[in-house]
Amino acid sequence: TSDTQPLTVTGQYPTTTTLGNPDGNTPPYNLPVTVIGIAPPSLFPTGTVEIKDHTNQDKSLANVQLGTPQNAMTLARGQTPDLPTGKTPQAIATADFNGDGYPDLAVANHDDKNVTVYLGDGNGGVNTTPYANLAVPNPPTSIATPDLNNDGSPDVAVGNGNEVTTWGNAGGASFPWGAGHTKFPDDSYVAADTIAIGDFDRNGSLDMAVPVNKPDETGAVIVILNDGNVNFTPQAPILTGKLTRSVAAGVFTSSGNVDLIAVNQSSGTAVVLLGDGAANFTPQTPIPDLFYPQSIALADFDANGVLDFALGTNGSSGIHSQVLIFQGQGDGTFINRSTATADLGIDNGIARVTVGDFNADGNADFGATVNDYTATDLSLQVWLGNGNFNFGSKPSATIAPELGAAGVVSADFNSDGIDDLASANSIANTATIALGEPTATVTGTAQNVPAPVGTGTHDVLAVYDGDKNFAGSTSGTVPLAAKKLDTTLALKADPQSPVVAWQPVTLSATLGTGNQDLQGQAPSGDVTFSIQNGK
């Protein structure tokens, strides 16, 4: 653990203020007010909201105290909501390729046999002009962005056909060294959906593990060792099961060695491969009875220092795709936390999963893409975890990406400290950026608001000035019928009656408004005196 360093935080979380319509047509009015802040669950807008008569120079009508917050989660399309890509994008990865501090995207386009790299702007948008186009010899199916040459810049590795193709990136020089081609030892194997990254032999350089399959669905994992000088050596295939789709790398035991876990779709299993720190892996007893497992992502869902995993399963007719959650035991074994299983709500679906902290509460969450085989029913979802394997009974937020949502990644694309999602859409030929927005909603009702002073209809609005954590905001206007102030008029004669006929009398009138709120107004005009019954 490092020493602590001071970090100065500036700025405030944004808010949106809404003023509702009154509950009646006559004054005094009751006006509902809502303030929504985008921030981690531990924070929420506090203070008061002022109701103002915008027609009458924003004169104050009332104040309302904000109440107890309600937390929720939304997904919103980014500044470049549906990024045009190449043909049939199947895999997507993220890294900061040009060193500007913002996450970028790399998309593997299956039918174009290339990878396009797009630069993020840090505001949820992406430059639609590719930063780089990287050709591969075969249709690409997987992509990763490790630093393969230890220069501090992410590189690109792509599984395509019977090889992994790599490019070196210099953090702004747009991949100056050319493509490297690492062929599999048995060229009948074809790369599947993912590439796992880790230092498998503890030489200080990142290695790769690729799920591969033969035409008869014989599945395996091929480990590719890296000497740190961009020299790669593939190892013999490690048999794992039938139709191995995905593999992930992490430390599953107290040994500190990097281990692997492979997902086998046709076998319906997940297999842990324990590493010895010298790039040798020993398969363990498979986790059985999984229904068409497709994808896997690792995270510490209960924050106990031991890795767990989320596993996406495909559906079939009448059976929904799911995400299963397995708890790591610290010895290379995992327990299915069945009560945490997430129903993605789509049958005949293909499910791919990623992990992140999508509401900035410090607990690991997961995101998933799911679409049916015709790609007419699809969803990009976030499920928020509570730190104890509870993700709720339904997704915390959803958004519909474009057709064919496939690969999915997470990163903070708009620099708000909250993880977002990006998906590759293989039928629409786009990538969707979905920004995570955890919200805290506070409400209040301004009671007995007087009618605005005047005639006709006045525009009334609500103003939240903010607090130490949240910026202020102003609502739109709501029309309220105005009303003239009630007045009283008292007449006084000096001297008082009786008086003689020739005697002068001074008449004075006093205009009163009682205890009404004058709202900055004052009576004006003339008072006319007249004799009603004199001769």
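All figures in this text were calculated on a predicted structure; none of them were measured in a lab. (Residues numbered from 1 in each chain as written. Predicted model: local features only at pLDDT ≥ 70, side-chain atom pairs only at ≥ 80, totals over all residues. Heavy atoms only, no water.)

Enquirer: Lay out the pairing of strand β9 (residues 132-135) in plain terms, naming residues and giving numbers.
Expert: Only one face of β9 is covered, namely the one carrying A132 and L134; the face carrying N133 and A135 has none of its residues buried. The pairing of strand β8 (residues 114-118) with β9 spans 4 bridges and is antiparallel. Note that in β9 the partner of T116 across the bridge is N133. (Buried < 20%, exposed > 50% of the residue type's maximum accessible area, 1.4 Å probe, protein only. Helix = DSSP H or I, 4+ residues; strand = E, 2+ residues; numbered from the N terminus. Pairing = 2+ DSSP bridges.)

Enquirer: Before we move on, can you summarise the sheet that holds strand β11 (residues 156-160) with the specific residues and values?
Expert: Hydrogen bonds along the backbone pair up the strands of a sheet, which may run parallel or antiparallel. A sheet is described by the order of its strands in space; here 4 strands give the open sequence β10-β11-β12-β13, paired in antiparallel fashion. Single-partner strands in this sheet number two, and they are β10 (140-144) and β13 (177-183). Averaged over all adjacent pairs, the angle separating strand axes in this sheet is 20°, with direction ignored. Sheet analysis places strand β12 (residues 163-168) next to β13, joined by 5 bridges and oriented antiparallel. Of the residues in β13, the one forming a bridge with T165 is H181. (Axes fitted to C-alpha atoms, helices over the stretch in contact; angles between N-to-C directions.)

Enquirer: Would you mind going over the layout of surface pockets in detail, with residue names and values included?
Expert: Taken as a whole, the second largest pocket spans an internal volume of roughly 250 Å³. Considering the residues around the second largest pocket, the lining is formed by L489, L491, K492, A493, V505, L507, A509, V527, T528, F529, S530 and I531. Of all the elements in the fold, those that place two or more residues in the lining of the second largest pocket are β39 (488-494) and β40 (506-512). With 4 residues, β39 is the single largest residue contributor to the lining of the second largest pocket. Of the residues in the lining of the second largest pocket, the class split is 9 nonpolar, 2 polar and 1 charged. (1 Å grid on protein atoms, 1.4 Å probe; cavity = no way out; pocket = protein on both sides within 12 Å on 5 of 7 lines; lining within 4 Å. Points joined across faces, edges and corners; volume = space filled by probe spheres on them. Nonpolar A, V, L, I, M, F, W, Y, C, P; charged D, E, K, R; others polar.)

Enquirer: Describe in detail the packing of aromatic side chains, supporting the description with residues and values.
Expert: One pass over the structure, following the stated rule, counts 9 aromatic pairs. Ring centres 4.9 Å apart and planes at 85° place the aromatic pair F291 and Y292 in the edge-to-face group. Ring centres of F366 and W383 lie 6.0 Å apart, and the angle between their planes is 10°; on these two criteria the pair is classed as stacked. On the criterion of sequence distance, the pair formed by F366 in strand β30 (residues 365-372) and W383 in strand β31 (residues 378-383) is long-range, its members being 17 residues apart. Both residues of the pair, F366 and W383, belong to the buried class. An aromatic cluster is built from F252, F309, F326 and F334, whose rings are joined through pairwise contacts. (Phe/Tyr/Trp six-rings, centres within 6.5 Å; stacked < 30°, edge-to-face > 60°.)

Geometric descriptors of this kind do not, in isolation, establish any biological role.
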